[in-house]
Amino acid sequence: MNEDWDNLIILDGCRYDIYQSVISEYDDLLYPNTLTDTFSPGSSSPETLTKAFSADTHHDTVYVSANPFTSTIPQETFHATHDLVNDDNYWSNQKKTVTPEVMKQAVVDFSDKYPHKRVIAHFMQPHHPFLGESSGEIQFNRGVYGERDKQFNTDPWMNAYLSTQVNHEKLLTAYRENIELALPHVMEVIDTLEGKSIITSDHANLIGDRGYPIPVRGYGHPNNIVSKKLRQVPWHEFPSKNRKKIIKDSPIGLSHDEQPKISNRLTQLGYR
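Residues numbered from 1 in each chain as written. Predicted model: local features only at pLDDT ≥ 70, side-chain atom pairs only at ≥ 80, totals over all residues. Heavy atoms only, no water.

## As for the overall build of the chain
If you tally the helices and strands in the chain, you get 8 helices and 10 strands. Counting over 272 residues, the chain shows a buried share of 54%. Partitioning the contacts of the chain with sequence separation of at least 6, the portion at a separation of at least 24 is 75%. When the accessible surface of the chain is totalled, it reaches about 12800 Å², and 47% of it is carbon and sulfur. (Helix = DSSP H or I, 4+ residues; strand = E, 2+ residues; numbered from the N terminus. Buried < 20%, exposed > 50% of the residue type's maximum accessible area, 1.4 Å probe, protein only. Contact = heavy atoms within 4.5 Å. Areas by Shrake-Rupley, 256 points an atom, 1.4 Å probe, with all protein chains shown as cover.)

Have a look at this one:
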């Protein structure tokens, strides 16, 4: 929060190396040389949100989020928190997520509503559910885990960890496609919003990387894991000569905090 930015765009679970590979294909991308890496404070969303935001108040900032752990942040942390997961105007029951298109429009609308606030825009992609052409090719190994089967049916990384039937190449392609699908909408947000913008992530994602000292392959983003591959994320700066005039105001709290709904959507996203 102490870095210099007006708009912080978080791509959920985005690896630095794959982000770097994807943007290298954008011939017209502004500021391609301002990409570097940084390390997230946590290996999962709850851990990073707590360590990055909850230790202090940020009443000059509005948090617009498609992440299901938004409601775990203390209500007076930001000037305003807009939890899109708990709002049927934004959540897609068909896709079981907040899509990049919907997220983009929400960020633009809330930025207009709070012109003198820093904005954190937390996109859910590239975190699954996968939305690209390869999403239908990800086969889940159903019926072999007993009571745990419900969770594994919605979590492709857990399936990859426990099953030899998952096609790892297709899984990686689907993950990459989620970045490719989100980036045009992220770039539109950057082009629309006033001020300096940053693209980063709350944590990375293991895709079969071997651990140390025990060289077991890891998948997904388990809690409280210290791993370079799991915490190395992009830090992509988009400078602007037109900076916002930032003003602190009293907090107005968290919108759309409904525990029964969030519990169901955590399940849909593979967390339960």
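## Side note on the environment of serine 240
Within the secondary structure layout, serine 240 lies in the loop between strand S9 (232-238) and strand S10 (253-255). The exposure class of serine 240 is partly exposed, given its relative accessible area of 29%. Note: C-alpha distance between serine 240 and isoleucine 190 (50 residues apart in sequence) is 10.0 Å. The contact partners of serine 240, leaving out residues within four places of it in the chain, are Gly195 and Lys196. Within polar-contact distance, the side chain of serine 240 engages the backbone oxygen of asparagine 242 at 3.1 Å. (Polar contact = N/O pair within 3.5 Å; in protein donor to acceptor, adjacent residues only side chain to side chain.)

## Some thoughts on the packing of helix H3 (residues 100-113) against helix H6 (residues 168-192)
The interhelical angle for the contact between H3 and H6, taken along N-to-C directions, is 10 degrees, at an axis separation of 9 Å. One way to sum up the angle between H3 and H6 is to call them roughly parallel. Judged by the sense of rotation from one axis to the other, the crossing of H3 with H6 is right-handed. Of the residues in H6, those in contact with Pro100, Glu101, Lys104, Val107 and Val108 of H3 are Leu181, Ala182, His185, Glu188, Val189 and Thr192. Taken together, the residues of the contact of H3 with H6 break down into 6 nonpolar, 2 polar and 3 charged. (Axes fitted to C-alpha atoms, helices over the stretch in contact; angles between N-to-C directions. Parallel < 35°, antiparallel > 145°, perpendicular 65-115°, else oblique. Left-handed = near helix turned anticlockwise from the far one by under 90°. Nonpolar A, V, L, I, M, F, W, Y, C, P; charged D, E, K, R; others polar.)

## Concerning the side chain of aspartate 60
Along the chain, aspartate 60 turns up in strand S3 (residues 58-65). Buried charge without a salt bridge: aspartate 60, with arginine 118 as the nearest opposite-charge side chain at an N-O distance of 4.4 Å. Within polar-contact distance, the side chain of aspartate 60 engages the side chain of threonine 61 at 2.9 Å. Residue contacts for aspartate 60: discarding those within four places in its chain leaves Lys117, Arg118, Ile246, Ile247 and Lys248. (Lys, Arg positive; Asp, Glu negative; His and termini not counted. Salt bridge = Lys/Arg side-chain N within 4 Å of Asp/Glu carboxyl O.)

## What to know about the packing of helix H1 (residues 16-23) against H6
For the pair H1 and H6, interaxial distance at closest approach is 10 Å and the crossing angle is 60 degrees. When the interaxial angle is binned, H1 and H6 end up oblique. Handedness of the H1/H6 crossing: right-handed. Along the contact surface, H1 presents Ile18, Tyr19, Ser21, Val22 and Ile23, while H6 presents Leu172, Tyr175, Arg176, Ile179, Glu180 and Leu183. Looking at the contact of H1 with H6, its residues break down into 8 nonpolar, 1 polar and 2 charged.

## Points about the pairing of S9
Along any regular strand the residues' side chains alternate between the sheet's two faces. Summarising burial for S9: 6 of the 7 residues are buried, a large majority. Of the strand pairs in this sheet, strand S6 (residues 197-200) and S9 are connected by 3 bridges, and their pairing is antiparallel. Considered in S9, the bridge of isoleucine 198 is made with glutamate 237. (Pairing = 2+ DSSP bridges.)

## Side note on the environment of valine 107
Inspection of the secondary structure puts valine 107 in helix H3. For the pair formed by valine 107 and serine 65, sequence separation is 42 residues and the distance between their alpha carbons is 8.8 Å. Among residues more than four places away in sequence, those in contact with valine 107 are Val64, Val119, Ala121, Val189 and Leu193.

## Re the nonpolar core
With 42 residues, the main nonpolar core has Tyr19, Met103 and Ile199 as its most contacted residues. Elements with a minimum of two residues in this core: strand S1 (7-12), H1, S3, H3, strand S5 (118-126) and H6. The biggest single contributor to this core is H6, with 10 residues. Once residues within four sequence positions are removed from consideration, methionine 103 is found in contact with Val64, Ser65, Ala66, Leu84, Val98, Ala121, His122 and Phe123. (Core = buried A, V, L, I, M, F, W, Y, C linked by side-chain atoms within 4.5 Å.)

## Comments concerning the packing of aromatic side chains
Per the stated rule, a full pass over the model turns up 3 aromatic pairs. Aromatic rings pair up to connect Phe53, Tyr63 and Phe78 into one cluster. Above the plane of the ring of tryptophan 5 lies arginine 118, whose end atom (NZ or CZ) is 3.6 Å from the centre. (Phe/Tyr/Trp six-rings, centres within 6.5 Å; stacked < 30°, edge-to-face > 60°. Lys NZ or Arg CZ within 6 Å of the ring centre and 35° of its normal.)

## A word on unusual backbone geometry
With omega at 15 degrees, the peptide bond leading from glutamine 125 into proline 126 counts as cis. Inspection of the secondary structure assignment puts proline 126 in strand S5. Positive phi outside glycine occurs at lysine 96, with the angle close to 60 degrees. Position of lysine 96 relative to the elements: it lies in the loop between strand S4 (78-83) and H3.

Treat this as a map of the structure, not an account of what it does.
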